[in-house]
Amino acid sequence: MSGIKVSPVDRPLEEGWTLPASWYSDPAVYALERERIFASAWTYAGPAEWVSEPGSYFASQIGHVPVAIVRGKDGELRGFVNVCRHRGHLVVSGQGRRETLQCPYHAWTYDLDGSLRRAPRAEREPGFDPSGLSLLTVAVGVWGPFVFANPDPDAQPLDEWLGALPAIVAESGLDLGVLRFHSHHEWPIGANWKVAMENFLECYHCPTAHPGFSKVVDVDPDSYRLAVHPTFSAQIGPVRASALSGNGKAPYVPRGDVSQAQYHFLLPATTVNIAPGMPNISLERWLPDGPARTVEVTDYFFAEDAPESEVEELMAWDTQVAEEDTSLVESVQRGLDSGLVPQGRLMAESEQLIADFQRRVRDALD
Ligand code: FES
Ligand SMILES: [Fe+2]
């Protein structure tokens, strides 16, 4: 995109300074991020079990791009930009099973392979050629119970992009094969998406801001491990022995096959959360919704036979953390918006994952 100028980074990130505060509200930065980061990013789109049968589909959004994930009659999983080639209405919504993909605005009707089958009154239009009006495709990939999508149809395959992540997840003791989709939640947040990601990327705030969390997970810097990988970063925390003993102080007793807490960040805006205890995972995508707003979209997965009371207990623990985080990031956004502290100062060890993230954002926008 020519002509877009963002304010320069005055003090270098390499010396511990953060991205400029203005980058968290500037519409020019936001526009450039859509083009340089989100237009070619793999993002978690939804549960694979929603598209297991021929004709099943779901609508989702990855970054700023509405997508439709569709299992064709031929059994092939496909992804489309969920935008009608007529005048832009979203073609499908929700999830379910369909014979065709019909836009609700003027009833242009696409086959499950995305080709335009019928447009009302097309026979009255000389030269109307449906062959050039198929739904645009996006890349899709499946990892265990999760479907990912990428607006770039020529994206590197998902499994290459995931790299070592599935093996690291397996080390937690979690078997993805036992998990079923449980519930979907959306949280609006009054902060730029990068503020939310940076908050996810450090547990330096855990002892002060998440007392309930810190009673279950050992957040001491000598125990809680941080690691940067080529396309993701990993945080792995052991369980506190005092939580396991069930002495009543921890919000839940993390008994079960999963022996670690794991929090992974897949560039640019998907997070993977595993709590210790029974088999569980939540996948989140963080959707930028304007320069200073984000929607956190969470899908929880548990084993089919998990007792609902224990599921509720774990989700309550997690929701508490999410509410604490929302209040933190909204406060940070207000502080950044003052413009009076143009760059913050990171802690090199405890905030190394933020430093890596910020360097990648800077390099993408430079
Ligand atoms: S916008 Fe879809 S049919 Fe008109
Ligand atoms: Fe937090």
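Bear in mind the structure is a predicted one, so any value in this text is a computation, not a measurement.

Parameters and conventions
Residues numbered from 1 in each chain as written. Chains lettered and ligands numbered in written order. Predicted model: local features only at pLDDT ≥ 70, side-chain atom pairs only at ≥ 80, totals over all residues. Heavy atoms only, no water. Donors = N, O, S within 2.8 Å, 3.2 Å for Na, K, Ca; no water. Tetrahedral: all angles 85-135°; square planar, octahedral: opposite > 155°, others 65-115°. Helix = DSSP H or I, 4+ residues; strand = E, 2+ residues; numbered from the N terminus. Buried < 20%, exposed > 50% of the residue type's maximum accessible area, 1.4 Å probe, protein only. Salt bridge = Lys/Arg side-chain N within 4 Å of Asp/Glu carboxyl O.

It is worth spelling out the coordination of the iron ion (ligand 2) at this point. The iron ion (ligand 2) binds to the protein through His-205 (NE2), His-210 (NE2), Asp-325 (OD) and Asp-325 (OD); the donor distances cover 2.0 to 2.7 Å. Note that the iron ion (ligand 2) binds 4 donor atoms; their angles at the metal cover 54 to 155°, and the shape is irregular. Taken in chain order, the donor set of the iron ion (ligand 2) reads H-x4-H-x114-D. Of this pair, His-205 sits in the loop between α4 (193-200) and α5 (206-209) while Asp-325 is found in helix α8 (residues 308-337), placing the two residues 120 residues apart along the sequence. Given the relative accessible area of 11%, His-205 is considered buried.

To continue, consider the pattern of salt bridges. A full pass over the atoms with the stated rule returns 11 salt bridges. With a shortest N-O distance of 2.9 Å, Arg-180 and Glu-49 are connected by a salt bridge. With Arg-180 in strand β11 (residues 179-189) and Glu-49 in the loop between β1 (43-47) and β2 (56-62), the pair connects residues that are 131 residues apart, well separated along the chain. Taking relative accessible area as the criterion, Glu-49 reaches 28% and is therefore assigned partly exposed. Salt-bridge contacts for Lys-73 lead to Glu-99; the nearest nitrogen and oxygen are separated by 3.5 Å. With Lys-73 in the loop between β3 (65-71) and β4 (77-81) and Glu-99 in the loop between β5 (95-97) and β6 (101-102), the pair connects residues that are 26 residues apart, well separated along the chain. By relative accessible area, Lys-73 is classed as exposed at 55%. Salt bridges linked by common partners bring Glu-14, Arg-362 and Asp-363 together as one network.

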